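Residue-level listing of the chains:
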Amino acid sequence: MNNEILNELLAQEDELQLHHFNNTTAWELGNLIKLGAANISASISIEVYAFEQVVFSYAMPGTSKDQQDWIRRKRNSVMRFGHSSYYQGQYNASKNRDFEAIPYLDPKEYCAHGG
């Protein structure tokens, strides 16, 4: 893993900031994601989290409860480390360590994967 990829991910995190966000924005964002997935026949679970609560959640037909738990674990990682779960996975890979094997992190509560 090289620093170029990590820098690109950090730049994306910086660029993809919303200047205005409220519950209506959350619904619109979640619904756009849902419609986009439906257009390509993808079956996904969606969660938009803000204001210390889930403000949009949708599980498309064909999904399972496991996907909701996966989302929760990724959200926990983002809230703890302040970066995307994908960045955390790539960062730890660049250090030749498995995020889920870090001794002070419970892998049932945290994960570092994109999506």
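Residues numbered from 1 in each chain as written. Predicted model: local features only at pLDDT ≥ 70, side-chain atom pairs only at ≥ 80, totals over all residues. Heavy atoms only, no water.

Q: Would you mind going over the side chain of S85 with me for this structure?
A: Mapped onto the elements, S85 comes out in helix α4 (residues 85-94). On the accessibility criterion, S85 (8% relative accessible area) is buried. Within the structure, S85 has its side chain in polar contact with the backbone oxygen of H113 (distance 2.5 Å). Excluding anything up to four places from it in sequence, S85 contacts K74, V78, C111, A112, H113 and G114. (Helix = DSSP H or I, 4+ residues; strand = E, 2+ residues; numbered from the N terminus. Buried < 20%, exposed > 50% of the residue type's maximum accessible area, 1.4 Å probe, protein only. Polar contact = N/O pair within 3.5 Å; in protein donor to acceptor, adjacent residues only side chain to side chain. Contact = heavy atoms within 4.5 Å.)

Q: What should I look at first to understand the pattern of salt bridges in this one?
A: Close approach of charged atoms lets side chains of opposite charge pair. Under the definition given, this model contains 3 salt bridges. The partner of D69 in a salt bridge is R72, and the shortest N-O contact between them spans 2.6 Å. One end of the pair, D69, and the other, R72, are both in helix α3 (residues 65-81), 3 residues apart, so they sit about a helical turn from each other. The class for R72 is partly exposed, based on a relative accessible area of 23%. Linking E109 and R72 is a salt bridge whose minimum nitrogen-to-oxygen distance equals 2.8 Å. On the criterion of sequence distance, the pair formed by E109 in the segment after α4 and R72 in helix α3 is long-range, its members being 37 residues apart. Residue classification places E109 among the partly exposed residues on the basis of a relative accessible area of 32%. (Salt bridge = Lys/Arg side-chain N within 4 Å of Asp/Glu carboxyl O.)

Q: Got a minute to help me understand the packing of helix α1 (residues 3-15) against α4 in this structure?
A: How two helices pack is summed up by the angle between their axes together with the distance between the axes. Viewed as axis vectors pointing N to C, α1 and α4 meet at an angle of 160°, and their least axial separation amounts to 10 Å. Compared by their axis directions, α1 and α4 come out roughly antiparallel. In this structure, the crossing between α1 and α4 has a hand that is left-handed. Across the interface between the two elements, L6, L9, L10 and E13 from α1 touch Y86, Y87, Q90, Y91 and S94 from α4. Classifying every residue of the contact of α1 with α4 by side-chain character gives 6 nonpolar, 2 polar and 1 charged. (Axes fitted to C-alpha atoms, helices over the stretch in contact; angles between N-to-C directions. Parallel < 35°, antiparallel > 145°, perpendicular 65-115°, else oblique. Left-handed = near helix turned anticlockwise from the far one by under 90°. Nonpolar A, V, L, I, M, F, W, Y, C, P; charged D, E, K, R; others polar.)

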